[in-house]
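# Descriptive structure summary
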Amino acid sequence: MPKKTPPSPFGVNLSVLRAVQGWPQNELADALGVGAPLLSGYESGDKTLSRERLEEIVARMGLPAEAVDRTQAYLLSIRSLSPPEGGAMPVSARAEANVAWVRDAAEAFARSLVALPPERRAEDARRQARDLWNRLKKASPRERRALVKATEDFRSWALCELVCERSLEAAADRADRALDLADLAVYIAEMAPGEQTWRKRLRGYALAHLGNAKRVGGDLPAADQVFAKARKFWEAGEAAGVGFLSEAVVFGMEASLRINQRRFPEALSLLDEALAADKGTLRKHLLISRANILELVGDFGGAITALREVVSSISAEGEPRLLWVVLFNLVNNLLQAGLPEEAEEWLSALEKLTIQIGNGLDTTRLHWLEGRVLSSLGRKEEAIVVLRKVREDFTNQRIAYDAALVSLELAALFFEVEQAGEVRSLARQILWILQSQGVHREALAALRLFCKAAEQETATLAMARRLSEYLQRARNEPGLRFEDGGYEPAHERR
């Protein structure tokens, strides 16, 4: 009788991996969308199984391609115990030793599969997710949901994570697209396979992105409700102990909502949690957010500390625009902290970067900063020359709010150099701002009060300074009224 052709090494490999992972043949066939006879044929050798196809099947079992090589090595170690063809069987004692060796080797092999680095598994899953996204992104939102519902491949945690990333990217300029993608991510999370605790973690992650999309769209009450739900699922899934999903991203997005809600202490607490959880990829962005909050609450020293750390981590070649923003904010905070000498030291670096970027509006804002530094250093006449040009540039570009701020800074300087008569002329020049759409109602009301006082020659240095500080705060807090008193100067000036 002719010898039966032995199954291919890959067929045996599949049998071993399926047994070790606890997949019944019919369940694995269902997961792959094939018939059980095909898998049976692979394992018996009746059907040809290629390495590429085996890796696809292994991925469905939740293992990286590396598992194939480990299984081959294990099988070779077992075969090395077989006697040569025609040789004698081992004696009983040797056979028992071999059986024990095989048992130990099998247990070690099973442990090695479990111990495959989670990062490797995640890497494989994310690679597959990119391929899946290339298919999804061409479809409409409705078609995407249909694909997820009909095809198990699209219910991957890694695809959910990738869709969340795309939602964050879209949030920069398309709130509606960000919302569509976040909705899809939540749907994928709800359909994803796996242990219940892990699925809760994934759902919490997707819901946080949905809350962020609603925040970007301006629906803060809805965003608040979604984040509360996200936090509940996220914490319920903590016991899963899987670190694939970024906790720093979750906390950072909720912090952004608290900033929009003016709940600064909560925002700072969330940023602290995000910084503690971050693995280095988000640190500079989290520190920038932290610095912005600290500036808003008047902690200029804390903002300076955060911004200094960020400056040291950014390359002028790699991220020139981000570095420009950070340096600008650093100089601004140094001025508000009463450190004009140090602020002046940073101006040369900011000037070089401005030339490198070549943006005209950046140049105007740099000169604005220079004028403020000159004023703080006591070089008032020089500051007036610079700020006059800045005001002219903002006016020509119809940037109303900034033109108003520079006008008030000029007014304060005119009082200081005893040119009060210039204030009345300046007030007349800012009348166009009162009809602008770029300044909110409360700020316009405050400007009208100042213009009226200037016309009646009752405006004072203190009033110009108070109004300037008010406008700085009201830019980020449009509901703040000039009569509220919340804009009071930080320190008494003459």
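Quantities reported herein were computed from a predicted structural model and do not represent experimental measurements.

## With respect to the overall build of the protein
For the protein, the helix and strand inventory stands at 25 helices and zero strands. Taking all 494 residues of the protein together, 44% fall into the buried category. The contacts of the protein with a sequence gap of at least 6 include a subset with a gap of at least 24, amounting to 62%. Per element, the accessible surface of the protein, about 25,000 Å² overall, is 51% carbon and sulfur.

## A word on the confidence of the model for the protein
For the protein, the average pLDDT comes to 84, and 86% of its residues sit at 70 or higher. In the predicted structure, residues 83-95 sits below a pLDDT of 50 and forms five contacts with residues beyond four places in sequence or in another chain. Below a pLDDT of 50 lies the segment residues 484-494, which in the model reaches 19 contacts outside its immediate sequence neighbourhood of four places, other chains included.

## Considering the packing of helix 15 (residues 283-296) against helix 16 (residues 300-311)
The interhelical angle for the contact between helix 15 and helix 16, taken along N-to-C directions, is 160°, at an axis separation of 8 Å. The angle between the axes of helix 15 and helix 16 places the two elements in the roughly antiparallel class. As for the relative orientation of helix 15 and helix 16, their crossing is left-handed in sense. Where helix 15 abuts helix 16, its residues Arg 283, Lys 284, Leu 287, Ile 288, Ala 291, Leu 294 and Glu 295 lie against Phe 300, Gly 302, Ala 303, Ala 306, Leu 307, Glu 309 and Val 310. Taken together, the residues of the contact of helix 15 with helix 16 break down into nine nonpolar, one polar and four charged.

## Focus on helix 17 (residues 320-336)
Across its 17 residues, helix 17 extends 24 Å between first and last C-alpha, which sits within 8% of the 24 Å expected from 1.5 Å per residue. In terms of burial, helix 17 is a largely internal element, 13 of the 17 residues being buried. Phi for Gly 338, located one or two positions after helix 17, is positive at around 80°.

## Some details on the packing of helix 21 (residues 400-416) against helix 25 (residues 461-474)
Between two packed helices, the angle of one axis relative to the other and the distance separating the axes together describe the packing. It is the contact of helix 21 with helix 25, at a shortest axis distance of 9 Å, that shows an interaxial angle of 155°. Considering their axes alone, helix 21 and helix 25 lie roughly antiparallel with respect to each other. Pair helix 21 / helix 25 crosses with left-handed handedness. Residues Tyr 401, Ala 404, Leu 405, Leu 408, Glu 409, Ala 411, Ala 412, Phe 415 and Glu 416 of helix 21 pack against Leu 461, Ala 464, Arg 465, Leu 467, Ser 468, Leu 471, Gln 472 and Ala 474 of helix 25. In terms of residue class, the contact of helix 21 with helix 25 is made up of 12 nonpolar, two polar and three charged.

## So, the environment of Arg 51
Looking at where Arg 51 falls in the secondary structure, it is placed in helix 4 (residues 51-60). Judged by its relative accessible area of 28%, Arg 51 falls in the partly exposed class. Through-space distance from the C-alpha of Arg 51 to that of Ala 65 is 9.6 Å; in sequence the pair is 14 residues apart. Not counting residues within four places of it along the chain, the set of residues in contact with Arg 51 comprises Phe 10, Ala 65, Val 68 and Asp 69. Within the local environment of Arg 51, its side chain forms a polar contact with the side chain of Glu 55, the two groups lying 2.8 Å apart.

The rules behind these values
- Residues numbered from 1 in each chain as written.
- Predicted model: local features only at pLDDT ≥ 70, side-chain atom pairs only at ≥ 80, totals over all residues.
- Heavy atoms only, no water.
- Helix = DSSP H or I, 4+ residues; strand = E, 2+ residues; numbered from the N terminus.
- Buried < 20%, exposed > 50% of the residue type's maximum accessible area, 1.4 Å probe, protein only.
- Contact = heavy atoms within 4.5 Å.
- Areas by Shrake-Rupley, 256 points an atom, 1.4 Å probe, with all protein chains shown as cover.
- pLDDT = per-residue confidence, 0-100.
- Axes fitted to C-alpha atoms, helices over the stretch in contact; angles between N-to-C directions.
- Parallel < 35°, antiparallel > 145°, perpendicular 65-115°, else oblique.
- Left-handed = near helix turned anticlockwise from the far one by under 90°.
- Nonpolar A, V, L, I, M, F, W, Y, C, P; charged D, E, K, R; others polar.
- Expected span 1.5 Å × (residues − 1).
- Polar contact = N/O pair within 3.5 Å; in protein donor to acceptor, adjacent residues only side chain to side chain.

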